[in-house]
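Below, each chain spelled out in residue letters.
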Amino acid sequence: MHLKDLRPGTDGPGSARALVGAVARLRESGHHVVAEIRMHRSVRDERARDEVRAAVDGHDFAVLVEQGRLADAALNTALGGLDACVLPYRLGSHSGWLELCWDLGVPVAAPAIGHFADQHDDGSTASFTPGDPDALAGALENLLSRDGAARPGSLARAELMEQRRGVRRDRDAATAAAHAQLYRRLRSERAS
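Residues numbered from 1 in each chain as written. Predicted model: local features only at pLDDT ≥ 70, side-chain atom pairs only at ≥ 80, totals over all residues. Heavy atoms only, no water.

K.L.:
In this structure, what is going on with the sheet that holds strand 4 (residues 108-111)? I would like to understand it.
P.N.:
Sheet architecture is open: three strands sit in the order 3-4-5, paired in parallel fashion. Lying at the two open borders of the sheet, with one neighbouring strand each, are strand 3 (85-86) and strand 5 (125-128). Judged from the two bridges that link them, strand 3 and strand 4 form a sheet pairing that is parallel. Directly across from Val-86, in strand 4, lies its bridge partner Ala-109. (Pairing = 2+ DSSP bridges. Helix = DSSP H or I, 4+ residues; strand = E, 2+ residues; numbered from the N terminus.)

K.L.:
I keep staring at the packing of helix 1 (residues 12-28) against helix 5 (residues 133-144) and nothing clicks. Help me out?
P.N.:
Each packed pair of helices is defined by two parameters, the angle between the axes and the distance between the axes. Look at helix 1 against helix 5: their axes get within 8 Å of each other, and the N-to-C directions meet at 60°. As the angle between them shows, helix 1 and helix 5 are arranged oblique. The handedness of the crossing between helix 1 and helix 5 comes out as right-handed. Residues Ala-18, Leu-19, Gly-21, Ala-22, Arg-25 and Leu-26 of helix 1 lie in contact with helix 5, whose contacting residues are Pro-133, Asp-134, Leu-136, Ala-137, Leu-140 and Glu-141. In the contact of helix 1 with helix 5, the residues fall into eight nonpolar, one polar and three charged. (Axes fitted to C-alpha atoms, helices over the stretch in contact; angles between N-to-C directions. Parallel < 35°, antiparallel > 145°, perpendicular 65-115°, else oblique. Left-handed = near helix turned anticlockwise from the far one by under 90°. Contact = heavy atoms within 4.5 Å. Nonpolar A, V, L, I, M, F, W, Y, C, P; charged D, E, K, R; others polar.)

K.L.:
Please clarify how helix 1 should be interpreted in this entry.
P.N.:
Residues three or four positions apart in an α-helix share a direction because the helix packs 3.6 residues into each turn. Its 17 residues give helix 1 an end-to-end C-alpha distance of 24 Å, which sits within 8% of 24 Å, the value for a rise of 1.5 Å per residue. The buried fraction of helix 1 amounts to 12 of the 17 residues, a majority that puts the element mostly inside the structure. Tucked into the core, helix 1 has its buried residues touching strand 1 (35-40), helix 2 (46-56), strand 2 (62-67), strand 3 and helix 5. The backbone nitrogen of Gly-14 lies 2.9 Å from a side-chain oxygen of the residue at the head of helix 1, namely Asp-11. At the exit of helix 1 stands Gly-30, carrying a positive phi of roughly 100°. (Expected span 1.5 Å × (residues − 1). Buried < 20%, exposed > 50% of the residue type's maximum accessible area, 1.4 Å probe, protein only. Polar contact = N/O pair within 3.5 Å; in protein donor to acceptor, adjacent residues only side chain to side chain.)

Remember, this is a structural readout, not a statement about activity or role.
In structure tokens:
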């Protein structure tokens, strides 16, 4: 889970508590999982930062990494090394972070708000009720137990990323062609 600088649309403390609780439940049922929570050193809400620290403190299966903003390559490496990513949003409609995870072949557990679950209908996203550790544990178990799940560093993950690059190229080309056609039509209508 990446909390970044604890923007107002992010529920850092509630999301951290839910993830720690979900991972505890998954471990109790035999899964070898670890919660990794990343947060910027410089945050917008120091009280929320302290609550995140408290949520992680004392759990040997939870790690809090406080860091500066990652460069794109380092961010891609950090995300690409995950089995799943949990989005910490309290509100929102769509997520660029979810799109980046999709490009990198990383499954996403997204709160059941906005249209996060609608961004990709290929099973790469599982929804959960925000703040509910049981619902988050279920979403993560769903993502981690899928047949053929592409694990970090695997050939399956590399193939998935290549396939998704092709999907992006095709969509981008179709979008560019539609815009060009619209532009030509509007120019011809204006000229007449």
